[in-house]
Amino acid sequence: MQINYGKREVSCKLVYYGPGMSGKTTNLEVVHQRVPEKSKGDLTSIATEGDRTLFFDFLPIDLGQVRGMTTKFQLYTVPGQIYYASTRKLVLQGADGVIFVADSQAEKIKENIESLTDLQQNLDEYGLKLEEMPFVIQWNKRDLPNALPIEELEKQINTFRAPTVPAVAATGEGVLATLKLAASLVLDRLNTKEPGAATKKAAAPAEKPAEAPPAEKKEAVVAKINADQISRSYFTQYCQVQYRLGARTEEVDDFKKFSMDEKKRLLESLINHGLLLQDAKKRSIVVSKEELEVQLKEFARRFKTKEEMDAHLAHRKLSLDNLRNEATKNVIIGKIIQKVIPNLNEKFRITETEVKEYYFTNSAKYGGKSFDAVKAEVIAGIKNQRKRELLDEMFKALRRESSITIFEENL
Amino acid sequence: MKDEKLKDRRLVYYKDDFDQIEKLLDEYVKLSNARCVFLIDKEGHLVTQRGISQTFNAATLSALVAGAFAATKEMARLLGETEFSVMFHQGRKDNIHLSLVGDRAINATVFDEKTTVGMVNLYSKELTAKLAKIFEIAAKKITSEPAFETGYGDSVKDRLDDMFKE
Ligand SMILES: Nc1nc2c(ncn2[C@@H]2O[C@H](COP(=O)(O)OP(=O)(O)O)[C@@H](O)[C@H]2O)c(=O)[nH]1
Ligand SMILES: [Mg+2]
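Analysis parameters
- Residues numbered from 1 in each chain as written.
- Chains lettered and ligands numbered in written order.
- Predicted model: local features only at pLDDT ≥ 70, side-chain atom pairs only at ≥ 80, totals over all residues.
- Heavy atoms only, no water.
- pLDDT = per-residue confidence, 0-100.
- Contact = heavy atoms within 4.5 Å.
- Axes fitted to C-alpha atoms, helices over the stretch in contact; angles between N-to-C directions.
- Helix = DSSP H or I, 4+ residues; strand = E, 2+ residues; numbered from the N terminus.
- Parallel < 35°, antiparallel > 145°, perpendicular 65-115°, else oblique.
- Nonpolar A, V, L, I, M, F, W, Y, C, P; charged D, E, K, R; others polar.
- Pairing = 2+ DSSP bridges.
- Near = heavy atom within 4 Å.
- Polar contact = N/O pair within 3.5 Å; in protein donor to acceptor, adjacent residues only side chain to side chain.
- Areas by Shrake-Rupley, 256 points an atom, 1.4 Å probe, with all protein chains shown as cover.

*Asks:* I'm lost on the confidence of the model for chain B in this one. Help?
*Replies:* Where the model shows low pLDDT, its predicted coordinates should not be examined in detail. Residue and element names in this part refer to chain B. Averaged over chain B, the pLDDT score is 83; the fraction of residues at 70 or greater is 86%. Segment residues 1-8: pLDDT under 50, and 18 contacts once partners within four positions in sequence are set aside and those in other chains are kept. Among the scores for the predicted complex, ipTM is 0.84 and pTM is 0.62.

Shown next, in the form of structure tokens:
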């Protein structure tokens with residue numbers, strides 16, 4: 001990454017890695033098609049023989065000014081063939097993030113694993129570790145009949161538990177999602193303030209000789225949910241986003257301001273969230289674009305104009321991704337509830353007596369308004385309460401079947 | 001913090017150093033009579049370009065130059081050198097002269113018949129020595145200049161979302 005305060009410019013490098021013919025060049029071609037004219041440079045394929053990349057493909061993207069910094073991404077692919085090892089290494093130099101394009105086909109499993117090992121070795125020569133880098137795996141060629149199930153690929157290839165995106169690069173499916181995910185992992189590191197006030201001026205040479213490497217500091221883990229770990233930085237981010245999503249207006253950007261009780265409460269909710277996602281995966285519940293849209297529209301309805309919504313989000317420092325995550329969670333909750341509780345409508349049938357009862361026990365809430373005036377509101381209230389009870393039950397059940405460890409000392 | 005290593009790898013150019021660099025490059029273009037010069041870091045990012053160069057795609061040129069240099073490193077290794085510090089490509093009208101600047105950048109000069117490779121070679125040696133010195137001093141300085149506005153990364157994400165709206 002180059003940060004140039006003279007030109008007020010940031011330039012990040014993303015590298016598409018993977019075995020030969022897995023679809024790396026195709027990814028770049030799709031991105032090239034989808035980037036608006038004014039923001040893209042030429043897609044350059046260098047010294048190609050047939051359709052095989054010998055040197056590298058290159059696509060520059062210019063996002064324009066963001067908060068006063070012109071922001072650019074440089075996308076590279078590497079040649080996958082084994083005999084171009086040195087080219088792969090040179091393209092990796094200075095990579096800020098890596099996208100591994102895996103070929104889902106059953107007979108390619110070995111090539112995928114070899115390429116991944118090769119990636120690790122090359123990074124190692126630059127003193128880098130894959131698990132510490134922004135890293136995304138794309139399961140490509142999902143359209144082919146001999147594609148392995150994703151679970152199988154996860155087990156055999158994704159030993160890092162890196163985030164993954166299924167794709168059919170040939171039709172463009174999943175390509176932008178992969179790029180956005182990798183970019184956001186790189187960008188998340190630019191959100192955190194530099195530790196301490198002092199920054200080392202100018203860059204040290206990229207290949208530093210073994211100058212007493214700092215003792216490997218593993219990132220602190222705040223909890224384990226079955227096989228998944230929640231890192232402290234992820235938790236911090238979650239807390240901040242939850243605060244911003246919630247009704248609170250005061251800014252809580254400083255994690256230290258969270259009290260221990262709040263942290264514990266938020267961790268519980270994050271664990272629930274994690275359990276939910278794991279359960280959804282087990283049940284093969286996926287959220288379609290349309291379902292997500294419905295949720296997002298629901299949110300947008302709260303605002304008169306798009307500008308008003310953007311302003312609201314900007315004020316809360318929320319990104320569309322934050323909203324999407326939240327919306328996805330809501331859709332999943334709905335779907336799981338429907339799967340787990342077959343007689344859902346039964347549970348939501350409410351009798352007149354129940355409504356009256358609820359009205360009288362909670363009369364304070366309705367400020368003396370007549371029963372008929374608030375009936376609809378009461379019914380909604382009861383439904384909400386039922387839903388909460390159902391969720392509670394569900395989370396209790398999930399927790400019974402799960403192994404959860406909390407590391408309070410890391411909170 | 002696991003990002004420590006990554007941060008160390010960032011190539012940072014601060015305003016005062018950058019201004020100095022551009023001044024040197026301007027002088028160099030004038031003295032050598034070249035058409036233009038590109039300063040490119042070894043990872044392939046353009047640092048800056050000076051002179052008249054509107055017809056070039058600077059980003060792609062930078063990636064190629066950095067790639068070419070790294071590739072010749074392999075060549076050098078075979079000959080028992082660690083790397084070649086100068087490369088020269090001759091065209092019918094335009095030529096390009098590449099030279100290493102310290103251990104982090106490459107200076108790419110485009111020139112035509114108004115000058116000679118000898119002149120470019122001479123002045124670029126001077127230039128690279130001066131630039132290397134700036135880098136060297138800069139690397140030792142510590143500064144407290146704030147890195148980024150908070151929320152910068154999120155803002156870029158939004159921009160990406162906008163750009164790739166379905
Ligand atoms: N069926 C199918 N073919 C794909 C897909 N993605 C890429 N391909 C094809 O796979 C071949 C190799 O793709 P390419 O992008 O050149 O691979 P690279 O070597 O990784 O750059 C090409 O013929 C592509 O059209 C996909 O998702 N499904
Ligand atoms: Mg290719």
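Here the narrative resumes.
*Asks:* What is the right way to look at the packing of helix 10 (residues 320-340) of chain A against helix 13 (residues 371-400) of chain A in this model?
*Replies:* Each pair of packed helices can be described by the angle between their axes along with the distance between the axes. Residues and elements named next belong to chain A. Two elements in contact, helix 10 and helix 13, have axes whose closest approach is 11 Å; the angle formed by their N-to-C orientations is 80 degrees. Classed by the angle they form, the pair helix 10 and helix 13 counts as roughly perpendicular. Together, Ile333, Ile336 and Ile337 of helix 10 and Leu390, Leu391 and Met394 of helix 13 make up the contact between the two elements. Split by residue class, the contact of helix 10 with helix 13 holds 6 nonpolar, no polar and no charged.

*Asks:* Would you explain the sheet that holds strand 4 (residues 86-89) of chain B in this entry?
*Replies:* Residues and elements named next belong to chain B. With respect to topology, 5 strands assemble into an open sheet ordered 3-2-6-5-4, the strand pairing being antiparallel. Only two strands of the sheet have a single neighbouring strand rather than two, namely strand 3 (46-51) and strand 4. Going across the sheet, the axis of each strand differs from the next one's by a mean of 15 degrees, ignoring polarity. In the sheet, strand 4 pairs with strand 5 (residues 95-101) via 4 bridges, with the strands oriented antiparallel. Bridging across to strand 5, His89 finds its partner in Ile96. Sitting on the sheet, helix 2 (residues 15-32) touches strand 2 (36-41), strand 3 and strand 6 (105-111), and the angle it makes with strand 3 is about 40 degrees.

*Asks:* Whenever I open this one, the site of ligand 1 confuses me. Can you help?
*Replies:* Residue and element names in this part refer to chain A. The environment of ligand 1 is made up of 16 residues, and the closest members are Met21, Lys24, Thr25, Thr26 and Asp143. Within the backbone of Met21, one N or O atom sits 2.7 Å away from an oxygen atom of ligand 1. Take Thr25: an N or O atom from its side chain is 2.7 Å from an oxygen atom of ligand 1. Protein contact buries 79% of the 580 Å² of open area that ligand 1 shows by itself. The element that contributes the greatest number of residues to the shell around ligand 1 is helix 1 (residues 24-34), accounting for 3 residues.

*Asks:* Explanation requested: the sheet that holds strand 12 (residues 404-406) of chain A in the structure shown.
*Replies:* Residue and element names in this part refer to chain A. Reading across from one edge, 11-10-12 is the order of the 3 strands in this open sheet, with antiparallel pairing throughout. The open sheet has two edge strands with one neighbour each: strand 11 (228-231) and strand 12. On average, adjacent strands in this sheet sit at an angle of 15 degrees to one another, irrespective of strand direction. Pairing geometry for strand 10 (residues 221-225) and strand 12, over 3 bridges, is antiparallel. Along strand 12, the bridge assignment pairs Lys224 with Thr405. Contacts from helix 6 (residues 232-245) reach strand 10 and strand 11, with the element oriented near 70 degrees to strand 11.

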